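Here are the chains, one letter per residue:
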Amino acid sequence: MYNHDKDVKMSTLKKATSALVSVFHKDGLEPVVKKLDSLGITLYSTGGTEKFIRELGIPVVPVEEITSYPSILGGRVKTLHPKVFGGILNRQDNEGDLAQLEQYEIPQIDIVIVDLYPFEKTVADGASEAEIIEKIDIGGISLIRAAAKNYKDVLCVSSRNDYAPFLELLNTRDGATSVEDRKRFATRAFEVSSHYDSAIFSYFNREGETLALKISETKGQVLRYGENPHQKGYFFGDFDAMFTKLHGKELSYNNLLDVDAAVQLMGEFMKDDPTFAILKHNNACGLATRSTLREAYVDALAGDPVSAFGGILISNREIDAPTAREIHSLFCEVVIAPSFSNEALEILKGKKNRILLVQKEVALPQTLVRTCLNGYLVQDKDAKTDALSELQYVTEKKPSERELEDLLFASKLCKHTKSNTIVLARNKQLCASGTGQTSRVDALNQAIHKAQTFKFDLKGAVMASDAFFPFPDCVEIAHKSGITSVIQPGGSIKDQLSIDFCNENKVAMVMTGTRHFKH
């Protein structure tokens, strides 16, 4: 993160003579304060940190000796004093500032080492509101902002994650720093403070009463490129918290989008029998549920073996050796599963670039955000899954038990396919889907054409639609192709036209009352 230029002239460096150290987390601090002491840097500190330093046998000056005030209000006020902030905020090239330091006996502070109370962890641990409020840092955040603002003269270490680069800097320069060094640490400090404030705001605004968008993610990585090679790309998030990567190359921007789509889709089937899905460009081109995972994979691949080339594979069960042998003959970018057997892992590692991911049980965001015009669109995640108990049976003919299972199977897939979409399924297998079409009729015709191309017999198959049918044309086309049962949201002023056609032609249709657009 910090690249120290060894050619910096000594005249551009500023030698530190004093440091204020006041931290919540003491782990990793010992080598830092020992190095500061070895460089002859005077240490000022407070409370537990002062005790920690003193127990190391290192001289330390209590902040109370500067301020002539003890820590008060149960520790709420320790460093909030002009003699502390004057030592940090003074401009060392300003004669007036220096005169005031001398007048009021304020010591110069060249380094500030501070971290913040663990507010986010306290919230995550389910603490009481009183405990959470006490973890809103006041003095620490003020010290960070003051030191970072005055980076021309002061270096701010704002997190224990920065101890290592700071220690490297001390070892390289013997306590001297350049303005570029200090500005880098200041940038990091403002990142820490802004993230902290965003977390506090999010806690107070849990009900969304204040219409403001605050997004802060501290972990990021540079991708090879964005959606296309001429675009820059980045991922912000804790990928390692969600996956263990066992093998393969680095994931690309497009890989990550496909992995997200795969995880969202398979989330609908995690409690089902062995299920396998194959995705390409964020849409499923194969999906099947079977008694064994190998069978599920083989039948998922049959849905569209052409599109499966270079696709993303995901299962809801451990991938075993028989399944791995089938997968190994296909060129695929990523394979995701809850686990891999040892034998399966050795087989799949046979392709050096194939990415193998073990998915962990991690809660996913329930809010979706995307850029729009000169701002952002925010919405709740579509967490509604159509259920058997909520179906409205609107035709004279009712779906059979097998058809009902297929209808709900197709509906889950429809929800995760780009609109306009039509999904055709039979025996818990995706026969074909029409995706991202400007008309629902086009989506249906695309699906029928694909199903016929891959030799699916649509007689007895079911059809799912992400939105209502404004005209009966879709059910007419479906019936001619052999479709016997339909699931759709309903809600068109012309619903009755589709119902009438189904009744006249002995087609079963159910309505869910829930639209599932996906754009």
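Just above sits the structure.
Each value, and the rule that gives it
Residues numbered from 1 in each chain as written. Predicted model: local features only at pLDDT ≥ 70, side-chain atom pairs only at ≥ 80, totals over all residues. Heavy atoms only, no water. Axes fitted to C-alpha atoms, helices over the stretch in contact; angles between N-to-C directions. Helix = DSSP H or I, 4+ residues; strand = E, 2+ residues; numbered from the N terminus. Parallel < 35°, antiparallel > 145°, perpendicular 65-115°, else oblique. Left-handed = near helix turned anticlockwise from the far one by under 90°. Contact = heavy atoms within 4.5 Å. Nonpolar A, V, L, I, M, F, W, Y, C, P; charged D, E, K, R; others polar. Phe/Tyr/Trp six-rings, centres within 6.5 Å; stacked < 30°, edge-to-face > 60°. Buried < 20%, exposed > 50% of the residue type's maximum accessible area, 1.4 Å probe, protein only. Lys NZ or Arg CZ within 6 Å of the ring centre and 35° of its normal. Arc of directions from axis to C-beta. Pairing = 2+ DSSP bridges.

Q: How would you sum up the packing of helix α1 (residues 30-38) against helix α9 (residues 163-173)? Please name residues and give values.
A: Close contact between α1 and α9 brings their axes to 10 Å; oriented N to C, the two are set at 20 degrees. On the basis of the axis angle, α1 is roughly parallel to α9. The way α1 lies across α9 gives a crossing that is left-handed. Packed against α1, whose contacting residues are P31, V32, K35 and L36, the element α9 presents Y163, F166, L167, L170 and N171 at the interface. Among the residues forming the contact of α1 with α9, the class breakdown is seven nonpolar, one polar and one charged.

Q: Would you mind going over the packing of aromatic side chains in detail, with residue names and values included?
A: Applying the stated criterion to the full structure yields 11 aromatic pairs. Note on F119 and Y196: the rings are 6.3 Å apart at their centroids and 65 degrees apart in plane angle, and the pair reads as edge-to-face. Residue F119 is located in helix α6 (residues 119-124), and its partner Y196 is located in helix α10 (residues 179-204); the two are separated by 77 residues in the primary sequence. Like Y196, F119 is buried. Ring geometry for F235 versus F239: centroids 6.3 Å apart, planes at 90 degrees, classification edge-to-face. Site record: aromatic cluster; members linked through ring pairs are F119, Y196, Y203 and F204. The residue whose ring lies beneath R206 is Y203, and the NZ or CZ to ring-centre distance is 4.1 Å.

Q: Run through helix α13 (residues 293-302), naming residues and quoting values.
A: The α-helix winds at 3.6 residues per turn, so residues separated by three or four positions along the chain end up facing the same way. Listed in full, the buried residues belonging to α13 are L293, A296, Y297 and A300. Projected down its long axis, α13 carries its buried residues within an arc of 100 degrees, all on one side. Where the residues of α13 are buried, they touch β11 (275-280), β12 (283-289), β13 (311-315) and α14 (321-328).

Q: Before we move on, could you go through the pairing of strand β2 (residues 18-22) and cite the residues and values that matter?
A: Most of β2 is tucked away, with five of its five residues classed as buried. Burial of β2 is two-sided: the residues S18, L20 and S22 facing one way and the residues A19 and V21 facing the other way are all buried. When β2 meets strand β3 (residues 42-45), the two strands line up parallel, connected through four bridges. Its bridge partner lying in β3, L20 is registered against Y44. Of the pairings in the sheet, the one linking β2 to strand β5 (residues 111-114) comprises four bridges and is parallel in character. Across the sheet, residue V21 finds its bridge partner in β5, namely I113.

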